[in-house]
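Each chain is listed here by its residues.
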Amino acid sequence: MRYLDLVKAALWGRQSEWPEAETEELLRLNAAQCTDVLVYPMVLAQEGLSDATRKQMKSVCVNAMHKQVKLQHVLEQAWRALEKANIPAVLLKGAGLAALYPDSQLRSWRDVDVFVGKENYHAACAAIREVFPETGAIKEEMEYYKHYNIHADDIPVEIHRVTMSLQHPMDKRRYERIEKYGMTHGDWRTINGLRVRVPEPTFNVLFVFLHSWEHFIEGSANVRQMCDLALLLHHYTKELKPELFEQWLRQLNLLDVWQLYAYNLVYGLGLSREESLLLPKKVSAEVSERAEKMMSEVIRGLEVRGLEVRGLEVKESRWVRKWRTMQERMRCAERIKEFSPAYARHMNWTTWLHGIGRLFAKDRKWE
């Protein structure tokens, strides 16, 4: 596919021709998959582009550069505020992943994500509100949310008490232990002149994968998330712990899903086979078929309704609303069964456990 050829070339510093006849579709795909600022600089260095195409690509790249300047400024303010308050923090996604690209400006990011943990959550939120007093931020942060949000100079800042909100009780307990390892064994990196802590590499691969898989379940995954994974595996090959990673995947019922991702990183995005993680030496026809279908859906931009119930009449009873939510989740699991029957079953069990718990625990806050 021409689109993936362009992404692979930009990702690994190669060359690939931009077919002017396919410009409209390729511009649409790169924008939808958040790979425009990755691909366009490579294409702009070539001859033969029409003036209109060149102008459009330059505009996208310049706007992204300006946005990154604002993002970096907000990140520095937030990080300094947490340092001043003596709150240990870990930078998630965004700038930390952009630093893995041949040029950090080739990876767009739209917000600042910082993990502080449950113990420091309220103190961190207070520190962030103090440094951004003009934002009109919400004055209270909820214990049952994944993160607290404010906007600083139109830049979202997310203060994470947890990195992921999993629904199954066993998943939660296991992931809490995994997350603790990933946050306490993080590495220090200097990113655009700012010294920050980033997650431990093996955990970072798991986290970025889980984030993408969560989006895939909802129908909103994109190719840039897979590019992030490819570059994480490429840069940290010697530091990754395959046995530990496999253990985590088995605990979270995601080993077969990861193999679909690994297949697409190698055969879709050009990651070397030696740098792939836990991809079987001989890939079965079933795995390759499911993986290719997954990549096709990501590129096509499958539209799937979110799992939250929308548009329901206010007069409907609480029981009816919860029942409809459960039905929605079950339909989602039916779609996921095409890729991982085992995980679809796990989703259904989670839906029943979580749904019944919410029905009969009226005042309890669920993550």
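Residues numbered from 1 in each chain as written. Predicted model: local features only at pLDDT ≥ 70, side-chain atom pairs only at ≥ 80, totals over all residues. Heavy atoms only, no water.

Regarding its fold elements, the chain presents 14 helices and 6 strands. Relative to all contacts within the chain whose residues are 6 or more apart in sequence, the contacts with residues 24 or more apart total 66%. (Helix = DSSP H or I, 4+ residues; strand = E, 2+ residues; numbered from the N terminus. Contact = heavy atoms within 4.5 Å.)

Moving on: the environment of H168. Assignment of secondary structure puts H168 in the loop between β4 (155-160) and α7 (169-184). C-alpha separation for the pair H168 and M347, spaced 179 residues apart in sequence, amounts to 8.5 Å. Within polar-contact distance, the side chain of H168 engages the backbone nitrogen of M170 at 3.1 Å. (Polar contact = N/O pair within 3.5 Å; in protein donor to acceptor, adjacent residues only side chain to side chain.)

The next point concerns the layout of surface pockets. In this structure, the second largest pocket encloses a volume near 490 Å³. As for the second largest pocket, its lining consists of 22 residues, and the residues nearest its centre are F115, V116, G117, K118 and M183. Taken together, the elements giving at least two residues each to the lining of the second largest pocket come down to α4 (51-84) and α7. Here the element with the most residues in the lining of the second largest pocket is α7; it accounts for 5 residues. Grouping the amino acids of the lining of the second largest pocket by side-chain chemistry returns 11 nonpolar, 3 polar and 8 charged. (1 Å grid on protein atoms, 1.4 Å probe; cavity = no way out; pocket = protein on both sides within 12 Å on 5 of 7 lines; lining within 4 Å. Points joined across faces, edges and corners; volume = space filled by probe spheres on them. Nonpolar A, V, L, I, M, F, W, Y, C, P; charged D, E, K, R; others polar.)

All right, on to unusual backbone geometry then. In this structure, N86 takes a positive phi of about 55 degrees despite not being glycine. Structurally, N86 can be placed in the loop between α4 and β1 (90-92). With phi around 50 degrees, N192 is a residue other than glycine that occupies positive phi space. Note that N192 resides in the loop between β5 (187-191) and β6 (194-198).

Side chains that are nonpolar tend, in soluble globular proteins, to be buried together. The biggest cluster of nonpolar side chains holds 85 residues, and the ones touching the most others in it are W18, L206, F209, W213, W258 and Y261. If one sorts the elements of this core by residue count, helix α8 (residues 201-218) sits on top with 10 residues. Beyond its immediate sequence surroundings of up to four residues, W213 is in contact with L254, V257, Y261, M294, I336 and Y343. (Core = buried A, V, L, I, M, F, W, Y, C linked by side-chain atoms within 4.5 Å. Buried < 20%, exposed > 50% of the residue type's maximum accessible area, 1.4 Å probe, protein only.)

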